[in-house]
Amino acid sequence: MTDLDWAAMADVLELEGEAHQPYVQQALAELAQLEPQRIMDVGSGPGVAACQLAAAFPEAEVTAVDGSPELLARAEQRAERLGVELRTRVAEFPDGLGELGTADLIWTAQAVHHVGDQQDALNRLARLLTPGGVLAVVEGGLPARWLPHDLGFGRPGLQTRIDAAMSERFNQMRAELPGSVATVETWADMLRTAGLDGTRSRTFLVDRPAPLADGARRWLRGTVERYRHGLQDHLDAEDLATLDRLLDPADPLGLDQRPDVFLLTAKTVHFGRKPS
Ligand SMILES: C[S@@+](CC[C@H](N)C(=O)[O-])C[C@H]1O[C@@H](n2cnc3c(N)ncnc32)[C@H](O)[C@@H]1O
């Protein structure tokens, strides 16, 4: 595994997938005309989208592919719970991508940016497609918002400072990946370079108004806990104190209790089709 302890993030990844399910549903509606026989979700994590794919295309053989056996075990449990058919396959990216066999639809969400040479990863994924097959790559979109600009204490604009700090962390993560290559991240062009046609990018809204439901609120708490520990050296003392207060279960203005917590974000899906 490359840069992060993915298995340790299983709970938060599954809650994140569930909180963001509406965008996957909207993206799958774009693919409703397809009749794929083999589908892969590459970098599936705990399999939330893979299970959505299996439900949307019940005739297809759907495989969740990931480098983490622990996350794939979660995907299997989830599929069983939801009553959908799902296979799993452990593969390390990029080297394992060539051995996955062919597919008529490949979905890959927030995984390609964990490979040093993103264009090479897309080239390898495109090679797996059958003629007429579709690659759907989720990358980019907009950072999430979950509280007002002035949340009632601390310096207003906390989330824009978190965004800036996370962007620095992201740059550092990418720079440290094996074989890291800087790329102009115009994903539709990158899909064209990979030999795909009709490339287009569509952005889908995730709009969960306040008060946020329990599962999404638990995802947010887990995410803010990661910011609190991971951004210690990137945020100032006042912002760290604000995060502490947000994480205090006894504080009426903390994330667990306040009624005004929402989730608003947008995810971009880049589509390309292998020429027939
Ligand atoms: C940010 S998570 C995305 C999970 C899911 N697709 C989603 O959108 O919620 C990235 C996933 O890619 C997997 N991954 C990251 N780098 C990998 C690598 N080099 N080889 C195999 N899997 C990798 C991780 O295990 C993790 O499940």
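Residues numbered from 1 in each chain as written. Predicted model: local features only at pLDDT ≥ 70, side-chain atom pairs only at ≥ 80, totals over all residues. Heavy atoms only, no water.

The chain appears in an unreviewed UniProt entry as Methyltransferase domain-containing protein from Saccharopolyspora hirsuta.

Participant: Any chance you could explain the overall build of the chain here in plain terms?
Facilitator: Broken down by element type, the chain carries nine helices and eight strands. By its C-alpha atoms, the chain is 60 × 40 × 30 Å across when sized along the principal axes. By element, 51% of the accessible surface of the chain is carried by carbon and sulfur atoms, the whole surface being about 12700 Å². For the chain, the distance from the average site of its 27 positive side-chain charges to the average site of its 42 negative ones is 3 Å. (Helix = DSSP H or I, 4+ residues; strand = E, 2+ residues; numbered from the N terminus. Areas by Shrake-Rupley, 256 points an atom, 1.4 Å probe, with all protein chains shown as cover. Lys, Arg positive; Asp, Glu negative; His and termini not counted. Charge placed at Lys NZ, Arg CZ, Asp CG, Glu CD.)

Participant: When you look at helix H5 (residues 118-128) in this model, what are you seeing that I'm missing?
Facilitator: For the α-helix, the turn length of 3.6 residues means that residues three or four positions removed from each other point alike. The set of residues buried in H5 consists of Gln118, Gln119, Ala121, Leu122, Leu125, Ala126 and Leu128. In the core, the buried residues of H5 are packed alongside strand S1 (38-42), strand S4 (103-109), strand S5 (129-138), helix H6 (158-176) and helix H7 (187-193). At the N-terminal boundary of H5, the capping side chain belongs to aspartate 117, with an oxygen 3.3 Å from the backbone nitrogen of glutamine 119. (Buried < 20%, exposed > 50% of the residue type's maximum accessible area, 1.4 Å probe, protein only. Contact = heavy atoms within 4.5 Å. Polar contact = N/O pair within 3.5 Å; in protein donor to acceptor, adjacent residues only side chain to side chain.)

Participant: How should I be thinking about the site of the ligand in this particular structure?
Facilitator: Near the ligand there are 15 residues, and of these Gly43, Asp66, Phe93, Ala109 and Gln110 occur at the shortest range. In this structure, an oxygen atom belonging to the ligand sits 3.4 Å away from a main-chain N or O atom of glycine 45. In the environment of the ligand, a nitrogen atom lies 3.1 Å from a nitrogen or oxygen atom belonging to the backbone of glycine 67. The protein chains hide 93% of the 590 Å² of surface that the ligand would expose on its own. Here the shell around the ligand is composed, by residue class, of six nonpolar, seven polar and two charged. (Near = heavy atom within 4 Å. Nonpolar A, V, L, I, M, F, W, Y, C, P; charged D, E, K, R; others polar.)

Participant: Is there a simple way to think about the pattern of salt bridges in this case?
Facilitator: Within the structure shown, the criterion is met by 19 salt bridges. The shortest N-O distance in the salt bridge between aspartate 256 and arginine 221 comes to 3.0 Å. Here arginine 221 lies in helix H8 (residues 214-230) and aspartate 256 lies in the loop between helix H9 (237-246) and strand S8 (263-273), a separation of 35 residues in the sequence. Judged by its relative accessible area of 17%, arginine 221 falls in the buried class. In the salt-bridge network here, residues are joined through shared partners; they are Asp11, Glu14, Glu18, Arg74, Arg78 and Arg81. (Salt bridge = Lys/Arg side-chain N within 4 Å of Asp/Glu carboxyl O.)

Participant: Looking at this structure, I do not really get the packing of H8 against H9. What am I missing?
Facilitator: Geometry of a packed helix pair, given as the angle between the helix axes and the separation of the axes. Two numbers describe how H8 lies on H9: the axes approach to 10 Å, and their chain directions differ by 150°. By the criterion of interaxial angle, the relationship of H8 to H9 is roughly antiparallel. Here H8 runs over H9; the crossing is left-handed. Each of Val224, Tyr227 and Arg228 in H8 lies in contact with H9, whose residues at this interface are Leu240, Leu243 and Asp244. Within the contact of H8 with H9, the residues separate by chemical class into four nonpolar, no polar and two charged. (Axes fitted to C-alpha atoms, helices over the stretch in contact; angles between N-to-C directions. Parallel < 35°, antiparallel > 145°, perpendicular 65-115°, else oblique. Left-handed = near helix turned anticlockwise from the far one by under 90°.)

Participant: Sorry if this is basic, but what is going on with the UniProt feature "domain: Methyltransferase" (unreviewed entry) in the chain here?
Facilitator: The UniProt record marks residues 39-133 with the feature "domain: Methyltransferase" (unreviewed entry), using the residue numbering of this structure. Here residues 39-133 runs as 36% helix and 27% strand, with 10 Å between its end C-alpha atoms. (UniProt positions renumbered as here; feature names shortened; annotations may be inferred.)

Participant: Before we go on, may I ask you to explain the side chain of histidine 270 in this structure?
Facilitator: Positionally, histidine 270 belongs in strand S8. Among the polar contacts made by the side chain of histidine 270, one reaches the main-chain carbonyl oxygen of glutamate 139 at a distance of 2.9 Å. Among all residues touching histidine 270, those that are not within four sequence positions of it are Leu135, Ala136, Val137, Glu139, Trp187, Ala188, Leu191, Arg200 and Ser201.

Participant: What am I meant to see in the environment of arginine 200 here?
Facilitator: Take arginine 200: it is sitting in strand S7 (residues 197-208). Residue arginine 200 is classed as partly exposed on the basis of its relative accessible area of 34%. Sequence-wise, arginine 200 and valine 269 are 69 residues apart; in three dimensions their C-alpha atoms are separated by 8.4 Å. Not counting chain neighbours up to four residues away, the residues in contact with arginine 200 comprise Glu30, Val269, His270 and Phe271.

Participant: For this particular structure, what's the right way to read the pairing of S4?
Facilitator: As a general feature of sheets, a regular strand has side chains that alternate between the two faces. A large share of S4 lies buried, amounting to seven of its seven residues. Two strands pair when backbone bridges link them, and S1 and S4 are joined in this way by three bridges, in the parallel orientation. Residue pairing in the sheet places methionine 40 in a bridge with isoleucine 106 of S4. Summarising the sheet, S4 and S5 pair through six bridges and their orientation is parallel. Its bridge partner being in S5, alanine 109 is matched across the sheet by valine 138. Remark: the S4/H5/S5 crossover connection has right-handed handedness. (Pairing = 2+ DSSP bridges. Right-handed = clockwise from strand over helix to strand, strands pointing away.)

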